[in-house]
Amino acid sequence: MFTSTADQAGLKRLKIASQLAEERFPSARRPLDIEWSQIGNARQSGMVSELWAHTLAWADVDPARHPFEMGADGAKELAGLVVPLLPSAEVARENRWRSLDRVTKFLASRYGRWACGWNWSVGEGDVDGGVVEVWCCSSDSVTTPDATAPLVVEALREWRGWLEDLAERFAELAPPGNTAASSADLWYWERACTRLVTVVADRTQAESGWYGHCMQVLRWFLAYNGIDEGQAEEIVQNAVGGRFGSWIAPDVPVVDAVSSRFARGVGGIR
């Protein structure tokens, strides 16, 4: 049972993600057996799960809530722990969607759910439409365990760097302190949307499915500013839905239109 608006928004995201995955990869369809825990994280069998980066909320990835530091020694230690979890190159090619589940589960249990995005690579990789450049996909990036494990660690650190970069941007773009979201000048929200869309399009190279993460980042920004997750979902969907496409960065008029709708959506919060 869902007990909050945030839970309902989370299930909605899972359903949308599942539909998108089935439309894009019909041969990879699997049943959804969703069972929600008390903290609202989905436990399910299937391609779309709590380990799928598209389902991450800001509370899951906020660097302030999930401290993380890793020097050279820590990276070497982690690589050693990852080695026995890696599949062979043959298994990775044959079972692309699930072959790295053990690695992702280990990283998430060790560092938090934010780590699920470690292999969210640019373009049509393991997840589709992410920002990680050092990792391509399981079928190409997995070679020998000793060679692949350091690559996993490097990908995790790159993903973490992106989250920390976003947190800094959010702080810079947020309206002045102690200003209620709906009371802030719409200019703040319009500026923030424009800059965040631009930076996500750049980091994802506007490749396949990039707009999924773009919408997620906009929701994260609203959550950072204290806006309810359900409201954030509605605001972003109304602003962006259907206006961005794969393999093409939006032009200035489109970004301006989306940013204007985004700002009006925040201003209309009651």
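Residues numbered from 1 in each chain as written. Predicted model: local features only at pLDDT ≥ 70, side-chain atom pairs only at ≥ 80, totals over all residues. Heavy atoms only, no water.

1. A few points about the side chain of Arg160
- Note on placement: Arg160 falls in helix H7 (residues 145–173).
- A polar atom in the side chain of Arg160 sits 2.8 Å from the backbone oxygen of His66.
- A polar contact of 2.9 Å, which involves the side chain of Arg160, links it to the side chain of Glu164.
- If near-sequence neighbours (up to four positions away) are discounted, Arg160 is found in contact with Pro63, His66, Pro67, Phe68 and Trp114. (Helix = DSSP H or I, 4+ residues; strand = E, 2+ residues; numbered from the N terminus. Polar contact = N/O pair within 3.5 Å; in protein donor to acceptor, adjacent residues only side chain to side chain. Contact = heavy atoms within 4.5 Å.)

2. Overview of the nonpolar core
- Counting 71 residues, the largest nonpolar core has Trp159, Trp220 and Phe262 as the members making the most contacts within it.
- For this core, the secondary-structure elements that each account for two or more residues are helix H2 (58–61), helix H3 (72–82), helix H5 (101–111), H7, helix H8 (186–203), helix H9 (210–224), helix H10 (229–240) and helix H11 (252–267).
- Considering each element in turn, this core owes the most residues, 12 residues, to H7.
- Ignoring anything within four residues of it in the chain, the contact list for Phe262 reads Trp189, Cys193, Leu218, Phe221, Leu222, Ile235, Val236 and Ala239. (Core = buried A, V, L, I, M, F, W, Y, C linked by side-chain atoms within 4.5 Å. Buried < 20%, exposed > 50% of the residue type's maximum accessible area, 1.4 Å probe, protein only.)

3. Concerning the packing of aromatic side chains
- Tallied over the entire structure, the rule returns 13 aromatic pairs.
- Arranged with centres 5.0 Å apart and planes meeting at 70 degrees, the rings of Phe68 and Trp114 form a pair that is edge-to-face. Of this pair, Phe68 sits in the loop between H2 and H3 while Trp114 sits in the loop between H5 and helix H6 (138–141), placing them 46 residues apart in sequence. Trp114 shares its class with Phe68; the two are buried.
- Plain terms: the ring middles of Trp187 and Tyr188 are 5.0 Å apart, the flat faces sit at 70 degrees to each other, and that makes the pair edge-to-face.
- Take Trp187: its relative accessible area is 48%, and that puts it in the partly exposed class.
- Given a relative accessible area of 22%, Tyr188 falls into the partly exposed group.
- By way of ring pairs, the aromatic residues Trp58, Phe170, Trp189, Trp220, Phe221 and Tyr224 are connected into one cluster. (Phe/Tyr/Trp six-rings, centres within 6.5 Å; stacked < 30°, edge-to-face > 60°.)

4. Things to note about the packing of H8 against H9
- Interaxial distance between H8 and H9 falls to 10 Å at its minimum, and their mutual angle equals 145 degrees. Viewed along their axes, H8 and H9 form a crossing whose handedness is right-handed. Contacts between H8 and H9 involve Trp189, Ala192, Cys193, Leu196, Val197, Val200 and Ala201 from the first element and Trp210, His213, Cys214, Val217, Leu218, Phe221 and Leu222 from the second.
- Classifying every residue of the contact of H8 with H9 by side-chain character gives 13 nonpolar, one polar and no charged. (Axes fitted to C-alpha atoms, helices over the stretch in contact; angles between N-to-C directions. Left-handed = near helix turned anticlockwise from the far one by under 90°. Nonpolar A, V, L, I, M, F, W, Y, C, P; charged D, E, K, R; others polar.)

5. Points about the pattern of salt bridges
- Within the structure shown, the criterion is met by eight salt bridges.
- Of the charged contacts in the structure, one is a salt bridge between Arg113 and Asp60, with a shortest N-O distance of 2.9 Å. Of this pair, Arg113 sits in the loop between H5 and H6 while Asp60 sits in helix H2, and the two are 53 residues apart along the sequence.
- Here Asp60 falls in the buried class, since its relative accessible area comes to 14%.
- The partner of Asp101 in a salt bridge is Arg98, and the shortest N-O contact between them spans 2.4 Å.
- The class of Arg98 is partly exposed, set by a relative accessible area of 31%. (Salt bridge = Lys/Arg side-chain N within 4 Å of Asp/Glu carboxyl O.)

6. So, the confidence of the model for the protein chain
- Mean pLDDT over the protein chain: 85, with 82% of residues reaching 70 or higher.
- Scored below 50 in pLDDT, residues 1–11 shows 16 contacts in the model against residues more than four places distant or in partner chains.
- In the model, residues 13–48 has pLDDT below 50 throughout and makes 67 contacts with residues more than four positions away in sequence or in other chains. (pLDDT = per-residue confidence, 0-100.)

7. A few points about the environment of Cys137
- Inspection of the secondary structure puts Cys137 in the loop between H5 and H6.
- By relative accessible area, Cys137 is classed as buried at 5%.
- Remark: the alpha-carbon pair of Cys137 and Asp126, spanning 11 residues in sequence, is separated by 5.1 Å.
- Setting aside its immediate chain neighbours within four residues, Cys137 contacts Arg96, Gly125, Asp126 and Val142.

8. Examining the packing of H9 against H10
- Two elements in contact, H9 and H10, have axes whose closest approach is 9 Å; the angle formed by their N-to-C orientations is 140 degrees. Comparing the axis directions of H9 and H10 gives the class oblique. Between H9 and H10 lies a crossing whose hand is right-handed. For the pair H9 and H10, the contacting residues are Met215, Leu218, Arg219 and Leu222 in the first and Ala232, Glu233, Ile235, Val236, Gln237 and Val240 in the second. (Parallel < 35°, antiparallel > 145°, perpendicular 65-115°, else oblique.)

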